[in-house]
Amino acid sequence: MRIVFHLGAHCTDEDRLVRCLLKNRALLAEQGIVVPSPTRYRKLLRDTALQLKGAAASDQTQAMILDQIMDAEGAGRLVLSWDSFMSFPAWAVRGRLYDSAGERIRAFTRIFPDFQPEFHLAIRNPATYLPALKARVAERGQDPALVEADPLALAWSDAIRQILSCNPGVPLTVWCDEDTPLIWPEVLQAVSGHRPGTVLQDNEDVLALTLTEPGLAELRAHCAEHPPESVAERRRIVSDFLDRFARPEAIETVVDMPGWTQGTVDALTARYHADVNHIRRMGRVTFLEP
């Protein structure tokens, strides 16, 4: 059995992925894929990792944890999703992006030493990620000043490099949050591992957030009448509808950060694009893109 860790990041997925997979859990179970409710494992795994202090769980502990997380036996894939696997929000950016993510994730994988882990991660332009993260920290009643860094010094490749270094041999799938509306079916397939051709129900959450209601209704009607014959054709159709029916607030993010100018945003975006190109070339990384 593989243990699949969907790592977030914060302010990207907002649990949409796991909610979609949960709605399809019966269908996925037929393919040996187990998607437990996050309430069954998030606190349990956090407390267990703290107790183990980096040591590998015993066979007894491992069996006990799995028994609490899943009901099925003999599954081929167990999907775990939590955007705080790498860090809690207030400590996600302390000079660098997720500076302790590698060791923290390693501690979670040590709960299941007999199973092969697999990591999945969405990244986001720091120009919009940092304001969103500060807002999320404030919503939790914490000081947004805890999110502290030179924004032009932040690189997702640094976080990915130390995740890979602390977890030798573990594959990592990465995608840009900005691309999610175009590649959402591929993201769902990569994480769940379901067979090609499997049709997941209620898999339009991302498009519903991006398209206006009339636009989404017209897209559904179009695809019902003219089913896309390939991934490329589906992406072309979705891209066309995004151009015509995207919600303004979904594509025109207002960045409000003290001291930032449009030049700051442009510089961060250019650096992010360069960083993405670097991540594409990293070993053990599978990059999903339109």
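Residues numbered from 1 in each chain as written. Predicted model: local features only at pLDDT ≥ 70, side-chain atom pairs only at ≥ 80, totals over all residues. Heavy atoms only, no water.

J.: Is there a simple way to think about the packing of aromatic side chains in this case?
T.: Any aromatic ring pair is given by two values, namely how distant the centres are and how the planes are angled relative to each other. Considering all chains together, one arrives at nine aromatic pairs under this definition. The interplanar angle of 75 degrees and the centroid separation of 5.8 Å between the aromatic rings of W82 and F88 together place this pair among those described as edge-to-face. Given a relative accessible area of 10%, W82 falls into the buried group. Site record: aromatic cluster; members linked through ring pairs are F5, W82, F85, F88, F108 and F119. The aromatic ring of F241 is capped on one face by R244, whose charged end is 4.9 Å from the ring centroid. Between the NZ or CZ atom of R280 and the centre of the ring of F287, over which it lies, the distance is 5.1 Å. (Phe/Tyr/Trp six-rings, centres within 6.5 Å; stacked < 30°, edge-to-face > 60°. Buried < 20%, exposed > 50% of the residue type's maximum accessible area, 1.4 Å probe, protein only. Lys NZ or Arg CZ within 6 Å of the ring centre and 35° of its normal.)

J.: Explain the pattern of salt bridges to me, please; I cannot follow it from the model alone.
T.: Side-chain pairing between opposite charges can occur once the charged atoms of the two side chains come close. Scanning the entire structure with this criterion turns up 16 salt bridges. Close ionic contact of D99 with R96 constitutes a salt bridge, the shortest N to O distance being 3.3 Å. (Salt bridge = Lys/Arg side-chain N within 4 Å of Asp/Glu carboxyl O.)

J.: Any chance you could explain helix α13 (residues 262-280) here in plain terms?
T.: Given 3.6 residues per helical turn, the α-helix brings residues three or four places apart onto the same face. In a regular helix each residue adds 1.5 Å, so 19 residues correspond to 27 Å; α13 covers 27 Å between its end C-alpha atoms and thus fits that length. If you check which residues of α13 are buried, you get T264, V265, L268, Y272, D275, V276 and I279. Seen from one end, α13 has its buried residues packed into an arc of 105 degrees, which puts them on one side. (Helix = DSSP H or I, 4+ residues; strand = E, 2+ residues; numbered from the N terminus. Expected span 1.5 Å × (residues − 1). Arc of directions from axis to C-beta.)

J.: How do you make sense of the pairing of strand β4 (residues 116-123) when you look at a structure like this?
T.: Put simply, side chains in a regular strand alternate between the two faces of the sheet. Judged by how many residues are buried, β4 sits mostly within the fold: seven of eight residues are covered. Pairing of strand β1 (residues 2-6) with β4, which is carried by five bridges, proceeds in the parallel orientation. For I3, the partnering residue across the bridge sits in β4 and is P117. (Pairing = 2+ DSSP bridges.)

J.: Mind showing me how you'd approach unusual backbone geometry here?
T.: Note: most peptide bonds trans; most residues except glycine with negative phi. Look at the link from G8 to A9: it is a cis peptide, with omega at 5 degrees. Structurally, the position occupied by A9 is in the loop between β1 and α1 (16-23). Of note, the phi angle at E14 is positive, near 55 degrees, even though the residue is not glycine. Along the polypeptide, E14 turns up in the loop between β1 and α1. E14 sits in the partly exposed class, given a relative accessible area of 36%. Phi angles above zero are rare outside glycine, and D15 is one such case at about 70 degrees. For D15, the location among the structural elements is in the loop between β1 and α1. Taking the relative accessible area as the measure of exposure, D15 reaches 25% and is therefore partly exposed.

J.: Looking at this structure, I do not really get the sheet that holds strand β3 (residues 77-81). What am I missing?
T.: Working definition: the strands of a sheet are paired by backbone hydrogen bonds and lie parallel or antiparallel to each other. Taken together, six strands build an open sheet; the order of strands is β2-β3-β1-β4-β5-β6 and the sheet is parallel. Taken across any chain shown, the strands that pair with only one partner, and hence form the sheet edges, are β2 (33-34) and β6 (285-288). Its contacts with the sheet place α13 against β4, β5 (172-176) and β6, and it is angled at close to 130 degrees to β6. (Contact = heavy atoms within 4.5 Å. Axes fitted to C-alpha atoms, helices over the stretch in contact; angles between N-to-C directions.)

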